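Structure at a glance
Read off the chains here:
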Amino acid sequence: MHFKTQEEVLRELNTSIFGLSEEEAKRRLGVYGPNEIEERKESLLTILIRQYANPLIIILIIAGILAIFLGNWHDSVVVLGLVLINGIIGF
């Protein structure tokens, strides 16, 4: 629409420089409904789980658990600690 004149755009959208007529506004309200965004409510648990559902985060969690079994306690604490902090900040 950037290449059309103002008159062409107004005619195509069935409006004027003063806005929609009352009849056109009612018709569009009936056809398209109100101009509202539906807000979805998410539980806190869902938000928290979503923080750890990223494949890279899962790989880090697995690496941290593996480090425990390999005896690298320091690496495990650092990796799992950072994953935990990341999740808390994202939450």
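Residues numbered from 1 in each chain as written. Predicted model: local features only at pLDDT ≥ 70, side-chain atom pairs only at ≥ 80, totals over all residues. Heavy atoms only, no water.

**With respect to the overall build of the protein chain**
When its secondary structure is counted, the protein chain shows five helices and zero strands. Traced from its N-terminal end to its C-terminal end, the protein chain shows the element sequence α-α-α-α-α. Its C-alpha atoms give the protein chain a radius of gyration of 27 Å, more than 25% over the compact-globule value 12 Å for 91 residues. In terms of overall dimensions, the protein chain has C-alpha extents of about 75 × 35 × 15 Å along its principal axes. Considering the protein chain as a whole, with its 91 residues, one finds that 11% of them fall into the buried category. Nonlocal contacts in the protein chain, meaning residues at least 24 apart in sequence, comprise 31% of its contacts between residues at least 6 apart. Accessible surface, the protein chain as shown: approximately 8100 Å² in total, 65% of it carbon and sulfur. Taken as two groups, the 8 positive and 11 negative side-chain charges of the protein chain have centres that lie 3 Å from each other. (Helix = DSSP H or I, 4+ residues; strand = E, 2+ residues; numbered from the N terminus. Rg over C-alpha atoms; globule rule 2.2 N^0.38 Å. Buried < 20%, exposed > 50% of the residue type's maximum accessible area, 1.4 Å probe, protein only. Contact = heavy atoms within 4.5 Å. Areas by Shrake-Rupley, 256 points an atom, 1.4 Å probe, with all protein chains shown as cover. Lys, Arg positive; Asp, Glu negative; His and termini not counted. Charge placed at Lys NZ, Arg CZ, Asp CG, Glu CD.)

**Topic: helix 4 (residues 55-69)**
For helix 4, which comprises 15 residues, the first-to-last C-alpha distance of 21 Å matches the rise-based estimate of 21 Å (1.5 Å per residue) to within 8%. The complete set of buried residues in helix 4 reads Ile57, Gly64 and Ala67. Projected onto a plane normal to the axis of helix 4, the buried residues spread over an arc of 80 degrees and lie on a single side. Residues of helix 4 that are exposed and point over 90 degrees away from its buried face: Pro55, Ile59 and Phe69. One side-chain oxygen at the N-terminal end of helix 4 lies 2.9 Å from the backbone nitrogen of Leu56; it belongs to Asn54. A positive phi of about 90 degrees marks Gly71, the residue just after helix 4. (Expected span 1.5 Å × (residues − 1). Arc of directions from axis to C-beta. Polar contact = N/O pair within 3.5 Å; in protein donor to acceptor, adjacent residues only side chain to side chain.)

**Regarding the packing of helix 4 against helix 5 (residues 73-90)**
Running from N to C, helix 4 and helix 5 cross one another at 150 degrees; their axes reach a closest spacing of 8 Å. Relative to helix 5, the element helix 4 lies roughly antiparallel. For helix 4 against helix 5, the interelement crossing comes out left-handed. Facing Ile57, Leu60, Ile61, Gly64, Ala67 and Ile68 of helix 4, the residues of helix 5 in contact are Trp73, Asp75, Ser76, Val79, Leu80, Val83 and Asn86. When the residues that make up the contact of helix 4 with helix 5 are grouped by side-chain class, the tally is nine nonpolar, three polar and one charged. (Axes fitted to C-alpha atoms, helices over the stretch in contact; angles between N-to-C directions. Parallel < 35°, antiparallel > 145°, perpendicular 65-115°, else oblique. Left-handed = near helix turned anticlockwise from the far one by under 90°. Nonpolar A, V, L, I, M, F, W, Y, C, P; charged D, E, K, R; others polar.)

**A look at a nonpolar patch on the surface**
Residues Leu44, Leu45, Leu48, Ile49 and Phe91 make up a contiguous nonpolar surface patch of about 510 Å² in total accessible area. With respect to the helices and strands, the residue Phe91 is situated in the segment after helix 5. (Patch = residues over 30% accessible without salt bridge, like charges linked within 9 Å, V, L, I, M, F, W, Y side chains within 5 Å. Salt bridge = Lys/Arg side-chain N within 4 Å of Asp/Glu carboxyl O.)

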